[in-house]
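Coordinate analysis (summary)
Letter by letter, the chains look like this.
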Amino acid sequence: MKRHTVIRAAVVTAVALAALTAGATAASKKPNLVLWTIQRTENAVETKAAKTYKPANVKVQIFANDPFKQKIKIALGSGNPPDMFMNWGGGGLRQYVNAHKVLDLTPYLNADKAWKNRFFNNVLQTAAFNGKYYGIPNVGMQPVLLFYNKAVFRAHSLTPPKTWADLLSVVKSLKSAGVTPFILGGQSKWPDLMWEEYLVDRVGGPEAFNAIAAGKKDAWLNPDVIKANTMLQQLVDAGAFGSNFSSTTYDGTVTATLLGTGKGAMELMGNWEYGAVLQNAPDLIKNNDLGWMNFPSVSGGKGNAKDIAGNTSNFYSIAKKSKNPAAAVAYLKKQIMSKTYVKGLIALGNIPPVKGIASQLTTGSNAAFTTWCYKLVNSAPNFQHSWDQVLSPNAANSLLSGLDQLLLKQITPEQFSAAMNKAK
Amino acid sequence: MRADRKRMGASPLLALPALGLFAIFALAPMIVVVVLSFTNYNGISSPHYTGLANWSRFLHDSTTHHAIWISLEIMVLSWLIQTPIALLLGVFISGRQRYRSVLAAVYFVPLLFSAAAIGITWKNLLDPNFGLLANLTHRLHMSWFPVSWLGNPGLALYMIIFIIAWQFIPFHMLLYQAGARQIPHSIYEAAEIDGAGRVRQFLRITLPLLRNTIVTSSVLILVGSLTYFDLVFIVTGGGPGFATRLLPLDMYINGFERTDMGYASAISVVLVAAALTLSLLLIRITGFGRFRSSHEGA
Amino acid sequence: MRRLFHLNIPGALAGLVWFAIVALPVYWMVVTSLRNQAGYLTADPLVPGKPTSAQYHRVIQVGFLSYLRNSSVVTFSVVLMVLVFALMAAYGIVRGRGWIASGTFRLFLLGLAIPLQAAIIPIFFIVNKLHLYDTLPALIFPTAAFSLPIAVLILVNFLRDVPAELYEAMKIDGASEWQMLWKLATPLSRPALLTVGIFTALGAWNGFLFPLVLTQSTSTRVLPFALYDFQTQFGINVPAVLAAIVLTTLPVFALYLLGRRQLLTGMTAGFSR
């Protein structure tokens, strides 16, 4: 009796093992893809696209913003890169392209005109070098706006500032009422950059930074740049950023909460902050108390008050050393900016750089915001891409450190310009 | 011949695995770092030779010089803060009273946490918007007390030194407790009979007999604070500005954030040289290195 | 009677002050970890609210157990490697003769002074060359290597106390050096091995710099680095971050409760004289 049971158990086990291994080998026929992205409100859309994709196992790895910038560089250089990775285009992507780490997507895009025509061309250009395309957009267009808490303004009988003079007087009133005028994630440094970009544009026009980006001699010593930084330090002196800005990190939750709870009145941040407020301080939007506007104008400045700064978009690129480049291309083509993907983005207040979605933007729960942003981007004479993504990584690094010191009043605008002029 | 080999004792080959591992991952890196300091290496492409470029930069880079200064400040201040507190409290808890061992059980709790855990806890505790310190000073109406320590370039370093002290004083307390426990009670009783007060007993008996422990503890503090990294990286990342950028942090930032690993290697070489020199110097001065067979140890 | 008059008032006061400085952050950590996020933003930080284990669940949900597994694998491997290698080396040093034995000892003594931080760039370079980047062995080998000097030091000190007669007795019975190592030296070294084991395990468990530089993906992530990542992942949800810290510290805390003296002796391994 016992022997039969043993044999039966053995047969069952063998069959089960065979079935399992068959299943495993069948499963292993599916390619495995790894995608790296940064932590942000859009992660939900990104992970959903990966989970619902049947032809391959796509694993999404999420990193915090600043460590990501280092990790991706090392990963691309180490011979063990992720198949697909997020980037901001511009100078950051260019260094990888020049080091031959990124797959040229031009042949794939040209072979499928429908795919290529899905996107706005000027957005694709941010990830294109020497006429070749190296990335496709994976989130909406990201202008930087001035968000404000309407309830706080009402409580102090103030109106949102349309000009620089207005801004200074609003700051003064809020300060004396004990409210932090502007929330700033100074410890992360790159939020400082948004102020720099707008001030230099308003005072010196787009030509000021274009000269810097083109590497023109002494472009940093432009008196408009120095004037902009003087105004920036003026703000610091007026207490516009409160006393805690240099220990406040931007991580997608803290600043939105501060704005939502009225601890600060305004925040200059990318339009993704709308999604962050949705997640962390939803009541503010529910009560219709989240306001948004363009950066104030500066009288006598060369810049147009409609100019904007920000990221044209973020991109997914494919690593050249990927073991499954064809599978990666297929994934990007099918899932990114598909109808579902676009819908998911719009639900977060994004404006995807995709043609033919204007009607979707004017309906939906975030219509007021998305329509306004869309109009803003379309009517902006100049859309300045983030400086730290245009410049070389080392220059960008010096820029951020310099801004940090500028805001801490450790250096003067002249010293800042001199240092940036020397940085490579 | 056989007899000779037997007299040789254990085969030195026994040390080979340890030596091999140590050679590849600790000794070889020392040579590699010197070589890398003469190259330009960004972690992606291969290093290429640049001669003395990194070293000449080292002589002129004001950020690195500032980092050296910060490291020295931390070394001195850490010793000045940690040693008296650890010494006095260590001796205090070596006493046999019941309540002292209860206190001791709590004193050693920080030892259980990793540097990461301690850094993150304090960073949140000190958050100027939502943290414990902000909340307490607000409720106790102490508006004169600074709330934004980690964001203030003038205060950040002192707060870092405090947190490091919070982390390591328990360790040194252990050392002093063990040292004080070895002093025979009879010496104190004799002094008591001679009419010596508590302070006198401490200065004339405890301190001199703790000399070895003081030396050990001091060597560990000084050499340790030269190479300190984890907690500062997590709490301030070297900021605000450059206020807490110690030398190891300057090395990391140059190497892994600016990906200038050649220059970072030069800084590393200086770190090794400084650590080695300091260790050898202290060992020579204090005679710490003479290890004799003793009954303590383990 | 004389005991009563030894009441040390200033000492007791100082002791209580330090008690508060130590206990307050730890108390805050535990109490906050049992709140939910909304509670954290509004409640009095020192008064415990209605405790909820939601944050602990959250932390476990985001992969805490796999990080725990990685940390355990790394720590176990490092301790095993260090104990075996260091014991063999210490035995060879103590029982060996000639310049190789004393030279090896001097080498490890010197190795004590090599700072880990200064070696990470070349180690990064070497690990890449060995194609070990972003693997657990990339953490295990360097950590073990840097734990060797102190381990060898302690074991050499200890083995030097073993009387030569014991070895002679075994030799007469025909034992080889190899057998004496495992049959005699190892059991005798138990206390020292325990000390070395605890010291090495704590260093491996809490190591941060090597994971920061030598790993990148979540499949090789260990606890200290996970904590650092949780800080950004949970952002304003401070209770969740603190819950992660409490969870990470639980194993060490359990050891503290079970064998406080052993643990503390291990921590100060060989530094107390």
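It should be noted that the structure appears before, not after, this text.
For the structure given in this document, a descriptive report is provided here. Keep in mind that this is a model prediction, so the values were computed, not measured.

Take the overall build of chain C next. Counting its secondary structure elements, chain C contains 13 helices and zero strands. Taken from the N to the C terminus, the helices and strands of chain C come in the order α-α-α-α-α-α-α-α-α-α-α-α-α. Taken over C-alpha atoms, the radius of gyration comes to 23 Å for chain C, far larger than the 19 Å a tight globule of 273 residues would show. When the backbone C-alpha atoms are referred to their principal axes, chain C occupies close to 75 × 70 × 35 Å. In chain C, which comprises 273 residues, the proportion classed as buried is 55%. As presented, chain C carries roughly 11,600 Å² of accessible surface, and 69% of it is formed by carbon and sulfur atoms.

What the rule picks out here adds up to 14 salt bridges over all chains. A salt bridge links D201 of chain A to R202 of chain A; the shortest N-O distance between them is 3.0 Å. Residue D224 of chain A pairs with K302 of chain A through a salt bridge whose shortest N-O separation is 2.5 Å. Taken together, the residues D224 of chain A in helix α12 (residues 223–237) and K302 of chain A in the loop between β10 (290–293) and β11 (308–311) connect sequence positions 78 residues apart. The class of K302 of chain A is exposed, set by a relative accessible area of 52%. In the salt-bridge network here, residues are joined through shared partners; they are R57, D61 and D260 of chain B.

This brings us to the interface of chain C and chain A. The interface of chain C with chain A comprises 20 residues on the first partner and 17 residues on the second. Here chain C packs against chain A, burying approximately 1,400 Å² in sum over the two surfaces, 51% of which is carbon and sulfur. Among the residues chain C hides against chain A, the three largest losses belong to Q216, T232 and I236 of chain C. Together they make up 38% of the total. In this assembly, chain C and chain A are joined by zero salt bridges. Here chain C is connected to chain A by five residue pairs in polar contact (both at pLDDT 80 or more). Of the residues forming the side of chain C that touches chain A, the biggest block, four residues, is contributed by helix α11 (residues 223–234) of chain C. Partitioned by chemical class, the residues of the side of chain C that touches chain A number eight nonpolar, nine polar and three charged.

Position of T244 of chain B among the secondary structure elements: in the loop between α12 (230–235) and α13 (247–257). On the accessibility criterion, T244 of chain B (0% relative accessible area) is buried.

Looking now at the packing of aromatic side chains. Scanning all chains against the criterion turns up 51 aromatic pairs over all chains. Look at F145 of chain B and W149 of chain B: their rings are 6.0 Å apart centre to centre, the planes differ by 55°, and that puts the pair in the tilted class. Here F145 of chain B falls in the partly exposed class, since its relative accessible area comes to 26%. W149 of chain B gets classed as buried once you look at its relative accessible area, which sits at 16%. Pairing F168 of chain B with Y228 of chain B gives two aromatic rings, centres 5.7 Å apart and planes at 70°, and the pair type is edge-to-face. You can see F168 of chain B sitting in helix α8 (residues 156–181) and its partner Y228 of chain B sitting in the loop between α11 (211–226) and α12, a full 60 residues away along the chain. Judged by relative accessible area, F168 of chain B falls into the partly exposed class, the value being 28%. You can call Y228 of chain B buried: its relative accessible area is 11%. Its end group placed over the ring of Y263 of chain B, R57 of chain B keeps NZ or CZ at 3.7 Å from the ring centre. The residue whose ring lies beneath R160 of chain C is F105 of chain C, and the NZ or CZ to ring-centre distance is 5.2 Å.

Our focus in this paragraph is the interface of chain B and chain C. Chain B puts 100 residues into the contact, and the matching count from chain C is 100 residues. Summing both sides of the interface, chain B and chain C together bury roughly 9,000 Å²; the carbon and sulfur share of this comes to 76%. Summed over the shared surface of chain B and chain C, the number is one salt bridge. Between R139 of chain B and D44 of chain C there is a salt bridge, with its nearest N and O atoms 2.6 Å apart. Counting every contact that joins chain B to chain C gives seven residue pairs in polar contact (both at pLDDT 80 or more). Classifying every residue of the side of chain B that touches chain C by side-chain character gives 70 nonpolar, 20 polar and ten charged.

Another point: the environment of N54 of chain B. All names here are of chain B. Examined against the element boundaries, N54 turns out to sit in helix α3 (residues 53–60). Separated by 22 residues in sequence, N54 and V76 have C-alpha atoms that sit 29 Å apart. Beyond its immediate sequence surroundings of up to four residues, N54 is in contact with L36, S37, F38, T39, D260, G262, Y263 and A266. A polar side-chain atom of N54 sits 2.8 Å from the main-chain carbonyl oxygen of T39.

How each quantity is defined
Residues numbered from 1 in each chain as written. Chains lettered and ligands numbered in written order. Predicted model: local features only at pLDDT ≥ 70, side-chain atom pairs only at ≥ 80, totals over all residues. Heavy atoms only, no water. Helix = DSSP H or I, 4+ residues; strand = E, 2+ residues; numbered from the N terminus. Rg over C-alpha atoms; globule rule 2.2 N^0.38 Å. Buried < 20%, exposed > 50% of the residue type's maximum accessible area, 1.4 Å probe, protein only. Areas by Shrake-Rupley, 256 points an atom, 1.4 Å probe, with all protein chains shown as cover. Salt bridge = Lys/Arg side-chain N within 4 Å of Asp/Glu carboxyl O. Contact = heavy atoms within 4.5 Å. Buried area = accessible area lost by both parts, 1.4 Å probe. Polar contact = N/O pair within 3.5 Å; in protein donor to acceptor, adjacent residues only side chain to side chain. Nonpolar A, V, L, I, M, F, W, Y, C, P; charged D, E, K, R; others polar. Phe/Tyr/Trp six-rings, centres within 6.5 Å; stacked < 30°, edge-to-face > 60°. Lys NZ or Arg CZ within 6 Å of the ring centre and 35° of its normal.

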